[in-house]
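Examination of the molecular architecture
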Amino acid sequence: MKAVVFHAVGDIRLEEVPDPVLKDPTDAIVRLTSSAICGTDLHFVRGTFAGFVAGQILGHEGVGIVEGVGAQVRNIKVGRRVVIPSTVGCGNCQFCARELYAQCDNANPAGKLAGTVFYGGPEATGNLPGFQAQKARVLWADVNLVPVPDGITDDQAILVSDILTTAWFGTELAEVGEGDDVLVFGCGPVGQLAIACAKLRGARVIAVDRLADRLEVARRQGADVIDFDAEKVPEAVLRLTNGDGASKVIDLVGVDAMVPQRGPGVPDRAERKEIDRERKAATPDAHQQGDHWVAGDNPTQVLSWSVECVAKAGTIAIVGVYPPTIDAYPIGAAINKNLTIRMGVCNHRRYVDEMFELILAGRLDPSTIITQDEPITDVIAAYEAFDERRQGWMKVELEPAE
Ligand SMILES: [Zn+2]
């Protein structure tokens, strides 16, 4: 089969690889009809997150048709159309029993304290082959495959795999409700869906980014927008909230705050590579510290802004990804405001059915954020365009079938 294979930082290739096979009696094999490129994949290609094994297949968003099941799979039959949630849970441990799949005791071969397992990730996350491929092996298929109802398209279902469920998770963590002023950091695909979810829950939304096309999409969804290159974020938020600050804040940026943008004085792709090479030579372990691309960007910028912008006794949800090496938080300012701070990796499986219900009821259509629909044969060019944040490239769906 064809698959997108990681060779080294900056080097991914579309290659012919062996088809996956059933290994455990609880496995299933899925022939993928839809996959996607996620901002998280860019971290791996760029090397922001280390520990990616050469030969790993990328991708953690998948929809397809079940082609084979192990002897112990009871709930899922061959021929079913399914979505695969990005994170893996065993379904039986104390955490899976509470639907905290991202904290499963059994999924990570390195042990129960080793962290979340997801498909197409670095070694520390289980090294399971990903979904930018024509077929995939799914573990504990009874738990980790969810039948897609008739009436839900592949375009809609593929977003339930990760980014819509993650956006919803953000609004759950922040306990967004009627009458809240919700501040959303990051207007990428997850940010846009978080805006939609927050509005669905009856909130007013203020959205922060610096890219004009993304801010425009947020504005069209009815958010008040702040361009952080043009305005001081805390001042703008206070002005928009009658001096109170936002009652709820959702950080969907994470370490992405480090990545430089287009614009006057900002280095282009070739210049970034050169700067990166020089910095790596000067500080050999810079990569492992998540210290990437260009000096002057602040990886904890959104953490500080969140505490500054939230209202007294408000809630902050951190869903954007931070590497384990980042250990700074404005704890003093936070405690003085009596804040609630919640965070974590989405327990995707938990929210899949709820998302299907909202889509079927016509209350949410995540597929509106898909801007590109590419055959897998064009995947490398699609990665390049997505990596450059080329204007208009919000979310790339991949079609694995030839
Ligand atoms: Zn488990």
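As a reminder, the structure under discussion sits directly above these lines.
Conventions we followed
- Residues numbered from 1 in each chain as written.
- Predicted model: local features only at pLDDT ≥ 70, side-chain atom pairs only at ≥ 80, totals over all residues.
- Heavy atoms only, no water.
- Phe/Tyr/Trp six-rings, centres within 6.5 Å; stacked < 30°, edge-to-face > 60°.
- Lys NZ or Arg CZ within 6 Å of the ring centre and 35° of its normal.
- Axes fitted to C-alpha atoms, helices over the stretch in contact; angles between N-to-C directions.
- Helix = DSSP H or I, 4+ residues; strand = E, 2+ residues; numbered from the N terminus.
- Parallel < 35°, antiparallel > 145°, perpendicular 65-115°, else oblique.
- Left-handed = near helix turned anticlockwise from the far one by under 90°.
- Contact = heavy atoms within 4.5 Å.
- Nonpolar A, V, L, I, M, F, W, Y, C, P; charged D, E, K, R; others polar.
- Core = buried A, V, L, I, M, F, W, Y, C linked by side-chain atoms within 4.5 Å.
- Buried < 20%, exposed > 50% of the residue type's maximum accessible area, 1.4 Å probe, protein only.
- Domains from an automatic or database assignment.
- Pairing = 2+ DSSP bridges.

Remarks on the packing of aromatic side chains
- Counted by the stated rule, this structure contains 7 aromatic pairs.
- Just above the ring of Trp 168 sits the side chain of Arg 201; from NZ or CZ to the centre is 4.6 Å.

With respect to the packing of helix α4 (residues 163-173) against helix α5 (residues 189-200)
- The N-to-C vectors of α4 and α5 enclose an angle of 50°; their axes lie 8 Å apart at closest approach. Between α4 and α5, the crossing angle belongs to the class labelled oblique. Crossing handedness for the pair α4 and α5: right-handed. Counting all contacts with α4, which are made through Ile 163, Leu 164, Thr 166, Ala 167, Trp 168 and Thr 171, the residues of α5 involved are Pro 189, Val 190, Leu 193, Ala 194, Cys 197, Ala 198 and Leu 200.
- Residue composition of the contact of α4 with α5, grouped by class: 11 nonpolar, 2 polar and no charged.

Quick word on the nonpolar core
- By size, the foremost hydrophobic cluster in this structure holds 50 residues, and its most contacted members are Leu 164 and Phe 356.
- At 7 residues, α5 tops the list of elements feeding residues into this core.
- Here this core spans two domains, since at least three of its residues come from each of domain 1 (2-162 + 347-399) and domain 2 (168-259 + 297-343).
- By size, the runner-up hydrophobic cluster in this structure holds 25 residues, among which are Ile 76, Cys 96, Cys 104 and Val 117.

A short note on the packing of α4 against helix α11 (residues 348-360)
- The N-to-C vectors of α4 and α11 enclose an angle of 100°; their axes lie 9 Å apart at closest approach. Here α4 lies roughly perpendicular to α11, going by the angle between them. Contacts between α4 and α11 pair Leu 164, Thr 165, Thr 166, Trp 168, Phe 169 and Glu 172 from the former with His 348, Tyr 351, Val 352, Glu 354, Met 355, Leu 358 and Ile 359 from the latter.
- Here the residues of the contact of α4 with α11 sort into 8 nonpolar, 3 polar and 2 charged.

Brief notes about the sheet that holds strand β12 (residues 310-318)
- An order of β10-β9-β8-β11-β12-β13 is seen for the 6 strands of this open sheet, with the pairing classed as parallel. Strands with a single pairing partner mark the edges of an open sheet, and in this sheet they are β10 (224-227) and β13 (340-343). The sheet shows a mean angle of 20° between the axes of neighbouring strands, taken without regard to direction.
- Summarising the sheet, strand β8 (residues 181-185) and strand β9 (residues 204-209) pair through 5 bridges and their orientation is parallel.

So far we have only geometry, and geometry alone does not tell us how the molecule works.
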